[in-house]
Amino acid sequence: MKLNVLRADPAGNITLFVLDPIERERRAALAAELMRRLPDMKIDQVGFACPADADTDGRMEMMGGEFCGNATRAYAMYVARQRGGLSEVRLRVSGCDHIVTAAVDLARGAARAEMPLPRAVRAAEVEGHTGTLVDLAGIAHLVIEGVAPSEDFFRAAEPLFSAIEGLDAYGVIFLDRTSHRMTPLVMVVDTATLIWEGSCGSGTIACAVAESTGLADGLFEQDYFQPAGVVRASIERRGGAVVSAAIGGPVTLDEPMCITL
């Protein structure tokens, strides 16, 4: 089986895009096989290019049907190049019920994308540690401070997510608020893959939501330093509610290649 693929690096959240059409029911198995067979690429996740709708510039769906902000930024840059250098790209992406707009700066090698707004935010306790559980609809994260990153803690926190309906993915974000360093550990449900991600866009937004809890009105912006890159979060609140969210940062794209499985 020959596949045309593109490796993207949005702030270290390595994403492999399959550029050939693949039926939805085959994607999870194919993604798992690609991640297993291509260890040198250090892939965090797999996305699938789909035919664009008439009202968009492109369409992309993730391996588990989840939403991924970093993959969205990277795919927006790919589409911008394919379409002659667009500076604004309108995409339909999995896990999001509306068109996502992304700003692309090809000269700087950067892209910024809208993010879903929180559906619910609440305090949650795991093993005596209190964190912030942020439900972004389709993906949810527990932001926790003062805990060393570990799979054991993730497993202890996992029951929190079973009560949230419709999750395609969920994660624990280990945050050091002083240095703004975060370490994301994320589970994709359909592929049953647990990944220490190089960076995480939705996790970045979850951290910004948690840190801006006391802000009634105004803009909260913060760079979050992650294992393999830096992602900038922007949160706007009105009356305490989050009314807009976005992430931005560097993106690099390899040249498309053909591989054989």
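Up top you'll find the structure we're talking about.
What counts, and at which threshold
- Residues numbered from 1 in each chain as written.
- Predicted model: local features only at pLDDT ≥ 70, side-chain atom pairs only at ≥ 80, totals over all residues.
- Heavy atoms only, no water.
- Helix = DSSP H or I, 4+ residues; strand = E, 2+ residues; numbered from the N terminus.
- Buried < 20%, exposed > 50% of the residue type's maximum accessible area, 1.4 Å probe, protein only.
- Polar contact = N/O pair within 3.5 Å; in protein donor to acceptor, adjacent residues only side chain to side chain.
- Contact = heavy atoms within 4.5 Å.
- Core = buried A, V, L, I, M, F, W, Y, C linked by side-chain atoms within 4.5 Å.

Asker: Just give me the short version of the side chain of Gln222, but keep the residues and values in it.
Answerer: Among the secondary structure elements, Gln222 is positioned in strand S14 (residues 218–226). According to the relative accessible area criterion, Gln222 is buried, its value standing at 19%. A distance of 3.4 Å separates polar atoms of two side chains, one belonging to Gln222 and the other to His180. Every residue in contact with Gln222, bar those within four places of it in the chain, is listed here: His180, Glu211, Val231, Arg232 and Ala233.

Asker: Tell me about the side chain of Ser202, residues and numbers included.
Answerer: Structurally, Ser202 can be placed in helix H5 (residues 201–211). Apart from residues lying up to four places away in sequence, Ser202 is in contact with Met115, Leu136, Ile139 and His141.

Asker: Before we move on, can you summarise the nonpolar core with the specific residues and values?
Answerer: Nonpolar side chains tend toward joint burial in soluble globular proteins. Core analysis: the biggest nonpolar cluster contains 53 residues, and Phe17, Tyr75, Ile205, Tyr224 and Ile235 have the highest contact counts within it. For this core, the element with the most residues is helix H2 (residues 69–82), which contributes eight residues. Those residues in contact with Ile205 that sit more than four places away from it in its chain are Met115, Leu136, Ala233, Ser234, Ile235, Ala245, Ala246 and Ile247. One finds Val126, Leu133, Phe154 and Leu185 within the second-largest nonpolar core, a separate group that totals 19 residues.

Asker: Can you break down the environment of Gly58 residue by residue, with the values?
Answerer: Checked against the element boundaries, Gly58 lands in strand S4 (residues 58–62). When its relative accessible area of 4% is taken as the criterion, Gly58 is described as buried. Each C-alpha atom of the pair Gly58 and Ala156 lies 39 Å from the other, and the pair is 98 residues apart in sequence. With residues up to four places along the chain from it excluded, the contact list for Gly58 reads Ala52, Arg90, Leu91 and Arg92.

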